[in-house]
Amino acid sequence: MNKFKISTRLIFLIGVLATLLVIVGSLGLYGMYKSDDALDNMYHGPLTQTQQIDEIRYLNLRNRYLVSIAVLEQTAERKDKSLTEIEANIERNAKLWAEYMGTPMPPDEAQMAKKYEQLLNQYLQEGLRPALAALRANDYKEAQRILSDKMRSTFDAAREQSTAVVDFNMKEAKDDFEADSARFHTFEIIMVSIIVLGVLLAIVFGLTLMRSITVPLKRAVDVTEAVAQGDLAQKVDSSGNDEISALMRAVIHMQTSLAGVVSRVRQGSESVATASAEIAQGNHDLSSRTENQASALEQTAASMEELSSTVRQNADNASQANQLAMSASTVAVQGGEVVAQVVDTMKGINDASRKIGDIISVIDGIA
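Residues numbered from 1 in each chain as written. Predicted model: local features only at pLDDT ≥ 70, side-chain atom pairs only at ≥ 80, totals over all residues. Heavy atoms only, no water.

(A) Up close: the overall build of the protein. Scanning the protein from N- to C-terminus turns up five helices and zero strands. Secondary structure of the protein in N-to-C order comes out as α-α-α-α-α. Residue pairs in contact within the protein that sit at least 24 positions apart in sequence constitute 77% of those at least 6 positions apart. Accessible surface, the protein: about 24,200 Å² in total, of which carbon and sulfur atoms supply 61%. (Helix = DSSP H or I, 4+ residues; strand = E, 2+ residues; numbered from the N terminus. Contact = heavy atoms within 4.5 Å. Areas by Shrake-Rupley, 256 points an atom, 1.4 Å probe, with all protein chains shown as cover.)

(B) Representation of unusual backbone geometry in the model. Notably, Gln 74 is not glycine yet its phi reads approximately 55°, a positive angle. Secondary-structure assignment places Gln 74 in the loop between helix 1 (6-73) and helix 2 (76-102). Of note, Asn 138 is a non-glycine position whose phi angle comes to about 60°, a positive value. The residue Asn 138 is located in the loop between helix 3 (107-136) and helix 4 (140-228) in this model.

(C) Molecular detail of the layout of surface pockets. Estimates place the volume of the largest pocket at around 230 Å³. Along its surface, the largest pocket is lined by 13 residues, and Asn 93, Ala 94, Leu 120, Asn 121 and Leu 124 are the ones closest to its centre. Broken down by secondary-structure element, the contributors of at least two residues to the lining of the largest pocket are helix 1, helix 2 and helix 3. With six residues, the single largest contributor to the lining of the largest pocket is helix 3. (1 Å grid on protein atoms, 1.4 Å probe; cavity = no way out; pocket = protein on both sides within 12 Å on 5 of 7 lines; lining within 4 Å. Points joined across faces, edges and corners; volume = space filled by probe spheres on them.)

(D) Quick peek at the environment of Glu 126. Looking at the element boundaries, Glu 126 is found in helix 3. What makes Glu 126 partly exposed here is its relative accessible area of 37%. Linking Glu 126 and Met 151, residues 25 residues apart in sequence, is a C-alpha distance of 7.4 Å. In this view, Glu 126 contacts Asn 121, Ile 146, Lys 150 and Thr 154; residues no more than four positions away in its chain are not counted. (Buried < 20%, exposed > 50% of the residue type's maximum accessible area, 1.4 Å probe, protein only.)

(E) Just a nonpolar patch on the surface, in detail. A cluster of nonpolar side chains, namely Ile 195, Val 199, Ile 203, Val 204, Leu 207 and Met 210, defines an oily patch on the protein surface of about 540 Å² accessible area. Checked against the element boundaries, Leu 207 lands in helix 4. (Patch = residues over 30% accessible without salt bridge, like charges linked within 9 Å, V, L, I, M, F, W, Y side chains within 5 Å. Salt bridge = Lys/Arg side-chain N within 4 Å of Asp/Glu carboxyl O.)

(F) Geometry of the confidence of the model for the protein. Per-residue pLDDT for the protein averages 78, and the proportion of residues at 70 or more is 72%. Mean pLDDT across the secondary structure elements of the protein bottoms out at helix 5 (residues 243-366), with 66, and peaks at helix 2, with 93. (pLDDT = per-residue confidence, 0-100.)

(G) Local environment of the nonpolar core. Val 67, Ile 86, Ile 90, Leu 128, Leu 132, Leu 135 and Met 151 are the most contacted members of the largest nonpolar core, which has 20 residues in total. For this core, the elements supplying multiple residues, two or more each, are helix 1, helix 2, helix 3 and helix 4. The greatest single-element share of this core, amounting to seven residues, is contributed by helix 3. Not counting chain neighbours up to four residues away, the residues in contact with Leu 132 comprise Leu 83, Ile 86, Glu 87 and Ile 90. Counting 14 residues, the second-largest nonpolar core is a separate cluster that includes Leu 59, Met 112, Leu 119 and Leu 120. (Core = buried A, V, L, I, M, F, W, Y, C linked by side-chain atoms within 4.5 Å.)

(H) Quick look at the environment of Leu 83. Locating Leu 83 in the fold gives a position in helix 2. A relative accessible area of 9% places Leu 83 in the buried class. Here the alpha-carbon distance between Leu 83 and Leu 66, two residues 17 residues apart in the chain, equals 8.0 Å.

(I) Structural view of the pattern of salt bridges. By the definition in use, this model includes 11 salt bridges. Its salt-bridge partner being Arg 145, residue Glu 142 comes within 2.4 Å of it at the nearest N-O pair. Taken as a pair, Glu 142 and Arg 145 lie in helix 4 at a separation of three residues, close to a single helical turn. Classification of Arg 145 by relative accessible area gives partly exposed; the value is 40%. One salt-bridge network, held together by shared partners, links Glu 87, Arg 129 and Arg 136.

Following this line, the structure appears as structure tokens:
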């Protein structure tokens, strides 16, 4: 599973859950729309039609009752009230029938409605209208006869047909209800199945995703703690292409880098240890030489003291020598004067000797 990035896996999980949510929501909305359509069709179809038929049946029954009351009472007031109400009922029936026939209906109901319309017209034309004409003419016996002979039979026939239409509408409403109920249960099963599937998928995939994240992270933490404690020999699995694998590869790189650093530090430490040993030896040699130099310095100091004493003596001797030199210089100057006198004397002697030589030469020449 670590072949895919964590972000990719999360996007996949979110996408799947979102898709399931959309499916469940869509099915729910579709079921609601279908239920609404079914209720609308049921209300504006069989239920409304049944209500219209029932009101038509009631008005027809009411008209028959009003004719009966008018025939029984045989008064002008009762007759006028009955005629007025019956005409209004006839008009209301016509409007209701137009509304009923304007609603969509299956072919079977259309045939039943057509037959019912024929029976209503028969009841109206053969029973009710003649009875109303007899009442307007104050012919109560004729009205009574029509009420007994025509209105009852045509009314009963129309009523039976209306009952068949109502039963058909009720059956249609029942079928629609059962179909809508079956559709509801089907959607219910599908939606529950999708929800269960989504929950199971979320649990399984979520646990797998969580394990694929937490286990490598725990391993990375263990390796990091081991590295922090100085253990650089931990084995790390870096296979995969997700972020955890990249992290493990970074941990391996960190291990390798730290191992190189430790190796270089170790080599440096060994070099430092060797240099420290050499420095210690040098310090030891320097200490020995320092001791020798200190001894030599002590001897030099002693010699310097002797030299200083000698210098002081030499200074005294130099002072005496200077005095003697000054005396010698004086003597030398006096000696120089004596030498000059001697030189003059010697020059005189030399001249005398030369003269004696010349004399001797002359004597020898004479001889």
